[in-house]
Amino acid sequence: MSNFHDEWHQKIDSTLEQLEKMQEQLGAPTPIVVETNEIEKQISEDEVLRTELEKHLSAIETLQATGADLISKSAGVDRGLSAKDMENKLCALHFMWRDIVCCFEQRHKGHEDAKSAIYRFWEELKKVLNVFKKKQDFIKELEEAAIQPDLVREQEEVLQVIEKDMEGTQADIDTVQQIANDLVNMWGIPAHPVISKNVEDLQATWDTLKASWEERKQKHQDALQFNDSWKKLTDWLDEKENQLDSEAPIGHDPDTIKAQQLKIENFQQELTSKQAVSAMRPWSKAVP
């Protein structure tokens, strides 16, 4: 019986030593990673560790069964001390193993949660950047702001659709930012340089896109203003043309001539002010 006791003590002492090292390993924080291949590597390492734990479980169950059998068969004066020593080691084995399993499950869950957030972050970031590129290309391909009334109305409808679409884009940016916040909160850190850099680049790209859009909208507003001013000018010209057609012939007496001269001067002043309209949009190709 003594040989069995000695052999059992050697095995459980060795197992406790191995489990203690594993406990220290699981208690140490794992490196924070942000790339998908890196988190996949950590998940793979978890699976290797799980296999190792399963091997230990079989040995632990054997030690527990053998120990319980030896305790029940203990006899003699030293039975109490021997049984107590074995019970203490079995108790230490039980609690150490329970702690290891708990730490492993927490660690693995943390990795799985991080994996989900990391994949979502990069996928959402890529999606939003692709949307930005398409919008930027679309804005660049828009026809030059028109001045013809019918074309201005058509462009107005297109621009309204784009404007509504641009307003909805902010929600996509907020989603990426929220995922980034969830990640750093999960890690228990204020920020991560890689995540922060990508979020900042995303915001910078959005600011550039908005600037391009605002510039394009301004050109359209200029076209609307020009179109409105040009309409007023042509209406004014039609009105003045009718007035000139209905004017009396040049008079012969001083009072009539003076009155007609005053009308001509007033007309010239009005005409000078209207000439500014044609300079409002030098980039126009033609005026209807």
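Small disclaimer: the values here were computed from a predicted structure and weren't measured.

Q: I'd love a proper account of helix 4 (residues 149–187), names of residues and values included.
A: Helix length check: helix 4, at 39 residues, gives a terminal C-alpha distance of 58 Å against a target of 57 Å (1.5 Å per residue), a fit within 8%. At the C-terminal side of helix 4, Gly188 shows a positive phi close to 75°.

Q: How would you sum up the state of the cysteines? Please name residues and give values.
A: Inspection of the entire model under this criterion finds 0 disulfides. A disulfide-free cysteine, Cys102 has its sulfur positioned 5.7 Å from the sulfur of Cys103, the nearest such atom.

Q: So what's going on with the confidence of the model for the protein chain? Residues and values would help.
A: On average, residues of the protein chain carry a pLDDT of 83, and 89% of them reach 70 or more. Across the protein chain, element-level confidence peaks in helix 2 (residues 36–73) with a mean pLDDT of 91 and bottoms out in helix 6 (residues 254–274) with 74. Residue range residues 282–288 is modelled with pLDDT below 50. Its contacts to residues more than four positions away, or to other chains, number 15 contacts.

Q: Tell me about the packing of aromatic side chains, and name the residues and values.
A: Using the criterion set out here, one finds 2 aromatic pairs in the structure. Here Phe121 and Trp122 contribute two aromatic rings whose centre-to-centre distance is 5.1 Å and whose plane-to-plane angle is 75°, an arrangement assigned as edge-to-face. Summarising the aromatic geometry, the rings of Phe132 and Trp206 are spaced 5.4 Å apart at their centres and angled 20° between planes, so their arrangement reads as stacked. Taken together, the residues Phe132 in helix 3 (residues 79–141) and Trp206 in helix 5 (residues 193–245) connect sequence positions 74 residues apart. Comparing Phe132 with Trp206, the two get one shared label, buried.

Q: Any chance you could break down the pattern of salt bridges for me, citing the residues and the numbers?
A: Within the structure shown, the criterion is met by 14 salt bridges. Because the salt bridges share partners, they merge into one network encompassing Glu163, Glu214 and Lys217.

Q: Describe in detail the environment of Leu159, supporting the description with residues and values.
A: Along the chain, Leu159 turns up in helix 4. Linking Leu159 and Arg216, residues 57 residues apart in sequence, is a C-alpha distance of 9.2 Å. If near-sequence neighbours (up to four positions away) are discounted, Leu159 is found in contact with Leu142, Trp213 and His220.

Q: Residues and numbers for the nonpolar core, please.
A: The biggest cluster of nonpolar side chains holds 28 residues, and the ones touching the most others in it are Phe121, Phe132, Leu183, Trp187, Ile195 and Leu202. For this core, the secondary-structure elements that each account for two or more residues are helix 3, helix 4 and helix 5. Among the elements that make up this core, the one with the highest residue count is helix 4 (10 residues). Ignoring sequence-local partners within four residues, the contact set of Leu183 consists of Ala114, Ala117, Ile118, Phe121 and Ile195. In this structure, Ile12, Ala83, Cys103 and Phe104 belong to the second largest nonpolar core, which totals 21 residues.

Rules used in this analysis
- Residues numbered from 1 in each chain as written.
- Predicted model: local features only at pLDDT ≥ 70, side-chain atom pairs only at ≥ 80, totals over all residues.
- Heavy atoms only, no water.
- Helix = DSSP H or I, 4+ residues; strand = E, 2+ residues; numbered from the N terminus.
- Expected span 1.5 Å × (residues − 1).
- Disulfide = S-S within 2.5 Å.
- pLDDT = per-residue confidence, 0-100.
- Contact = heavy atoms within 4.5 Å.
- Phe/Tyr/Trp six-rings, centres within 6.5 Å; stacked < 30°, edge-to-face > 60°.
- Buried < 20%, exposed > 50% of the residue type's maximum accessible area, 1.4 Å probe, protein only.
- Salt bridge = Lys/Arg side-chain N within 4 Å of Asp/Glu carboxyl O.
- Core = buried A, V, L, I, M, F, W, Y, C linked by side-chain atoms within 4.5 Å.

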